[in-house]
Amino acid sequence: MTEAIQVADHVTSPNPHLILNAADLVHLEALAEGMMRRHPTLADRFFEEIGRAQIVEDQQMPGDVVGIGSKVTYRDETTGQEKSVTLVYPEDADITRSQVSVITPIGVALLGLREGASFYWDTRRENQRRMLTILKVEQRSEDCQG
């Protein structure tokens, strides 16, 4: 049901460095807890990512790291196709506006990664492994979200 995700750094590390905003941590952990009944595999992955992330205060959050509210442009290295999405909490998700929930497989994979990082994505429909690379991260101010 869920797509398997394996994150890989753009160099060689299978687990690139993740950075999360401390202000989002309680909400993210609550979301992961809520996912345990519906999607335990994805919830485990989410907890694993949160657990290995470096947690920083809001003012220390680098601008090139994907967080809640970030607009992310990534490229499928197999097809060359680029896509831009904004990472949001589930209550703000709207696929027609390219607003992707943090508790989806792609949302979990993107959270905390820096520009230039790559990760493997095992597609459900085509049953292929694809590498996606984060090309650009843009931060939006709080008053622009939603």
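Overview of the structure.

What counts, and where the lines are drawn
- Residues take numbers from 1 onward in each chain, read along the sequence in its written order.
- Only residues with pLDDT of at least 70 get local features here, since the model is predicted, and only at 80 or more are side-chain atom pairs given and counted; chain-wide, interface and lining totals rely on the full set of residues.
- By convention in this description, side-chain values take in all heavy atoms of the structure and omit both hydrogens and water.
- In this description a helix means any DSSP run of H or I spanning at least four residues, a strand means any run of E spanning at least two, and both kinds are numbered starting from the N terminus.
- Expected span of a helix: the number of residues minus one, times 1.5 Å.
- A contact between two residues is defined here by any heavy atoms of the two lying within 4.5 Å.
- Between Lys or Arg on one side and Asp or Glu on the other, a salt bridge is scored when a side-chain nitrogen of the former is within 4 Å of a carboxyl oxygen of the latter.
- Accessible area is worked out with a 1.4 Å probe on protein chains only. A residue is then buried under 20% of its type maximum, exposed over 50%, and partly exposed in between.
- The arc refers to the directions leading from the helix axis to the C-beta atoms.
- Any two strands with at least two DSSP bridges between them are considered paired.
- Residues grouped as a nonpolar core are buried Ala, Val, Leu, Ile, Met, Phe, Trp, Tyr and Cys residues, joined through side-chain atoms within 4.5 Å.

### What about helix 1 (residues 22-38)?
Piece 1. The terminal C-alpha atoms of helix 1, which comprises 17 residues, lie 26 Å apart, in line with the 24 Å expected from a rise of 1.5 Å per residue.
Piece 2. Where the residues of helix 1 are buried, they touch strand 2 (19-21), helix 2 (40-52) and strand 3 (54-56).

### A word on the pattern of salt bridges
Piece 1. The full count for this structure, using the stated rule, is 6 salt bridges.
Piece 2. In this structure, R75 engages E77 in a salt bridge whose closest nitrogen and oxygen atoms are separated by 3.1 Å.
Piece 3. With a relative accessible area of 25%, R75 lands in the partly exposed category.
Piece 4. Residue E77 is classed as partly exposed on the basis of its relative accessible area of 35%.

### Some details on helix 2
Piece 1. For helix 2, spanning 13 residues, the distance from its first C-alpha to its last is 18 Å, which sits close to the expected 18 Å at 1.5 Å a residue.
Piece 2. Of all the residues in helix 2, the buried ones are L42, A43, R45, F46, E49 and I50. Take helix 2 and look down its axis: the buried residues cluster within an arc of 160°, on one side only. Exposed and oriented more than 90 degrees from the buried face of helix 2 are T41 and G51.

### Some details on the pairing of strand 8 (residues 129-138)
Piece 1. For strand 4 (residues 71-76) and strand 8, the ladder comprises 6 bridges, and the chain directions are antiparallel. What sits directly across from D76, in strand 8, is L132.
Piece 2. In the sheet, strand 7 (residues 118-122) pairs with strand 8 via 5 bridges, with the strands oriented antiparallel. Paired with S118 across the two strands is T133, which belongs to strand 8.

### As for the nonpolar core
Piece 1. By size, the foremost hydrophobic cluster in this structure holds 34 residues, and its most contacted members are L28, F46, V102, I106, L110, F119 and I134.
Piece 2. Counting only elements with at least two residues in this core, the list comes to helix 1, helix 2, strand 4, strand 5 (82-88), helix 3 (105-110), strand 7 and strand 8.
Piece 3. No other element matches the 5 residues that helix 1 contributes to this core.
Piece 4. With sequence-adjacent residues up to four places away left out, V102 is seen in contact with L28, L31, F46, I68, L87, V88, Y89, P90, G107, V108 and L111.

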